[in-house]
Amino acid sequence: MHIEADIYATSPAMTAMLCSKNESVAKTLMLLMELLGTYSLPPGATYPIAHDDIWPKGDGCAATGDLDCLGNQSVVEQQNETRYEQAHYKCEPATTIEELEAVARFAKSSSYTSFRTAVKLARPGSASPAESLMFAVLGAPMRFGGFGCCSLPMGGLLLNYRIDFDTLAVNMSSGIPYAICDLYCPAAGVDNEYNGIGHELQNARIHDGNRNNGLKAMGIHVLVINRDQMKDLVALEAFAQTMHRLAGVRFRYRIKGYRKRQAAWLNALRAGIGLAPV
């Protein structure tokens, strides 16, 4: 859109293409997942992430109120590890897959290779940076460093998929009518749930237990991934292997040096939302 002389406004999809110039596929993918999702990182995160810096920063746990200070982390690790499942705002999606694909067909320059690739990997529906990270790690093809779960039948992985409960499931869940699955694998009948800080509260644990009972009554396996496991490649591999096994698909690496690729992919994705490498 032409605003005035030498001033133009571009759509979110076009802006994403411009921002992706000479950036990595992983970093571009995390941007697209945000634009396609129902969350937005705060404005203060834009500059640090664009310059491969950590966000947010603080001198200690009390400095920002947005740091994960639980567990056996060192002070430095505590300062660098944000509650990224909390540090975002709810919003409507800024663009669609169709708009991104249209822009990708326009972006023929080699400078936008990462953008074209990221568009093919992205999916709509993420509700938080943590869900985007979980999807990109478990779902991306193995050649990138992911675990290839998006290649499973019936759509691979679906973000925030709603499952309506039947009467038995409603009764087992103490009246909950449906469940929204963080990351659902239809072929395996698996709901991957990311358990962040909010799920550790007593009321949340009770609700999660009732909800999971309802899903079990529907014949759905519930796998819970906590924030420590999101940094553990061996644990993430086990989740992927489980989904492949339940889907009746053999899990096998066809690349060399897969663990190094996985570590590089995970850290590149984390950088895309301002997290320190692991």
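Further up the page is the structure itself.
Trainee: Teacher, can you tell me more about helix H7 (residues 113-121) here?
Mentor: Since the α-helix turns once every 3.6 residues, residues separated by three or four places project in the same direction. Inspection of H7 places Ser114, Phe115, Ala118, Val119 and Leu121 among the buried residues, and these make up the whole buried set. Around the axis of H7, the buried residues are gathered within 160° of arc, so they sit on the same side. Contacts made by the buried residues of H7 are with helix H1 (12-19), helix H2 (25-36), helix H6 (97-106), helix H8 (129-139) and helix H12 (258-271).

Trainee: How should I be thinking about the pattern of salt bridges in this particular structure?
Mentor: It is possible for side chains of opposite charge to pair when their charged atoms get near one another. Taken as a whole and assessed by the stated rule, the structure comprises six salt bridges. Two residues, lysine 27 and aspartate 52, come together in a salt bridge whose shortest N-O distance is 2.8 Å. Here the residue lysine 27 occupies a position in helix H2, and aspartate 52 occupies one in the loop between helix H3 (46-50) and helix H4 (61-64), the gap between them amounting to 25 residues. With a shortest N-O distance of 3.3 Å, glutamate 237 and arginine 259 are connected by a salt bridge. Taken together, the residues glutamate 237 in helix H11 (residues 233-247) and arginine 259 in helix H12 connect sequence positions 22 residues apart. On the basis of relative accessible area, glutamate 237 is assigned to the buried category, the value being 11%.

Trainee: Even after reading the chapter, I still don't get the packing of aromatic side chains, so can you show me in this structure?
Mentor: Each pair of aromatic rings is reported with the distance of its centres and the angle of its planes. This model, assessed by the stated rule, comprises four aromatic pairs. Here tyrosine 161 and tyrosine 184 contribute two aromatic rings whose centre-to-centre distance is 5.1 Å and whose plane-to-plane angle is 10°, an arrangement assigned as stacked. On the criterion of sequence distance, the pair formed by tyrosine 161 in strand E5 (residues 158-164) and tyrosine 184 in strand E6 (residues 178-185) is long-range, its members being 23 residues apart. A residue is classified by how much of its surface remains accessible, and tyrosine 184, at 10% relative accessible area, is buried. Three or more aromatic residues link up through ring pairs in this structure, and these residues are Phe251, Tyr253 and Tyr258.

Trainee: I tried to follow the nonpolar core on my own but got confused; where do I start?
Mentor: Grouped burial of nonpolar side chains is what soluble globular proteins tend to show. Counting 60 residues, the largest nonpolar core has Leu29, Phe115, Leu138, Phe147, Leu157, Met243 and Leu269 as the members making the most contacts within it. Sequence-distant contacts of methionine 243, defined by excluding residues within four places in its chain, comprise Leu138, Cys149, Leu152, Leu157, Cys185, Ala188, Val190 and Asn192. Counting 10 residues, the second largest nonpolar core, distinct from the first, contains Ile176, Ala179, Tyr184 and Ile220.

Trainee: Can you walk me through the sheet that holds E6 in this structure?
Mentor: Strand pairing in a sheet takes place through backbone hydrogen bonds and is either antiparallel or parallel in direction. With respect to topology, four strands assemble into an open sheet ordered E5-E6-E7-E8, the strand pairing being mixed. One side of each edge strand has no neighbouring strand; the edge strands of this open sheet are E5 and strand E8 (221-226). On average, each strand axis in the sheet is inclined to that of its neighbour by 50°, with strand direction left out of account. In terms of strand pairing, E5 meets E6 through six bridges, oriented antiparallel. In the sheet register, isoleucine 163 faces E6, and the bridge partner there is alanine 179. On the sheet, H11 packs against E6, strand E7 (190-195) and E8 and is oriented at approximately 165° with respect to E8.

Trainee: So what exactly am I meant to see when it comes to the environment of proline 177 here?
Mentor: Within the fold, proline 177 resides in the loop between helix H9 (167-172) and E6. Look at proline 177 and you get partly exposed, because its relative accessible area is 49%. For proline 177 and glycine 214, which are 37 residues apart along the polypeptide, the C-alpha to C-alpha distance reads 8.7 Å. In this structure, proline 177 is in contact with Asp164, Phe165 and Val170, ignoring residues within four places of it in sequence.

Trainee: It is not clear to me how the packing of H8 against H12 should be interpreted in this structure. Could you clarify?
Mentor: When two helices pack together, their arrangement is given by the angle between the helix axes and by the axis-to-axis distance. Running from N to C, H8 and H12 point in directions that differ by 160°, and their axes come no closer than 10 Å. The angle between H8 and H12 places the two elements in the roughly antiparallel class. Once H8 is placed against H12, the crossing between them reads as right-handed. Within the contact between the two elements, H8 uses Leu133, Ala136 and Val137 and H12 uses Trp265, Leu266, Leu269 and Arg270.

Trainee: Looking at this model, I keep getting lost on unusual backbone geometry. Mind explaining?
Mentor: Residues other than glycine predominantly adopt negative phi, and peptide bonds predominantly adopt the trans conformation. For asparagine 22, which is not glycine, the phi dihedral falls at a positive 65°. Of note, asparagine 22 is situated in the loop between H1 and H2. A relative accessible area of 63% places asparagine 22 in the exposed class. With a phi close to 65°, methionine 154 is a non-glycine residue in the positive phi region.

Definitions and cut-offs
- Chains are numbered independently. Their residues run from 1 in the order of the written sequence.
- Only residues with pLDDT of at least 70 are given local features in this predicted model, and only at 80 or more are side-chain atom pairs given and counted; all residues enter the totals for whole chains, interfaces and linings.
- Hydrogens are left out, water is left out, and the side-chain values use all remaining heavy atoms of the structure.
- Per-residue accessibility, obtained with a 1.4 Å probe over protein chains only, is compared with the maximum for each type, and a residue is labelled buried under 20%, exposed over 50%, and partly exposed between these values.
- What counts as a helix is a DSSP run of H or I of at least four residues, what counts as a strand is a run of E of at least two, and both are numbered from the N terminus.
- The directions from the helix axis to the C-beta atoms are what the arc is built from.
- The contact criterion used is simple: two residues touch if any of their non-hydrogen atoms lie within 4.5 Å.
- Salt bridges are defined as contacts in which a side-chain nitrogen from Lys or Arg sits within 4 Å of a carboxyl oxygen from Asp or Glu.
- Classification of ring pairs uses Phe, Tyr and Trp, with its six-membered ring standing for Trp, and accepts pairs whose centres are within 6.5 Å; under 30 degrees between planes counts as stacked, over 60 as edge-to-face, and the remaining range as tilted.
- Remark: nonpolar core denotes a set of buried residues (Ala, Val, Leu, Ile, Met, Phe, Trp, Tyr, Cys) joined through side-chain atoms within 4.5 Å.
- Criterion used throughout: strands pair if DSSP finds at least two bridges between them.
- Between the N-to-C directions of two axes lies an angle of 0 to 180 degrees, each axis being a line fitted to C-alpha atoms and, for a helix, fitted only over the stretch in contact.
- Throughout, the term roughly parallel applies to angles under 35 degrees, roughly antiparallel to angles over 145, roughly perpendicular to angles from 65 to 115, and oblique to all others.
- Crossing handedness is read from the near helix: turned anticlockwise from the far helix by less than a right angle, it gives a left-handed crossing, and turned clockwise, a right-handed one.

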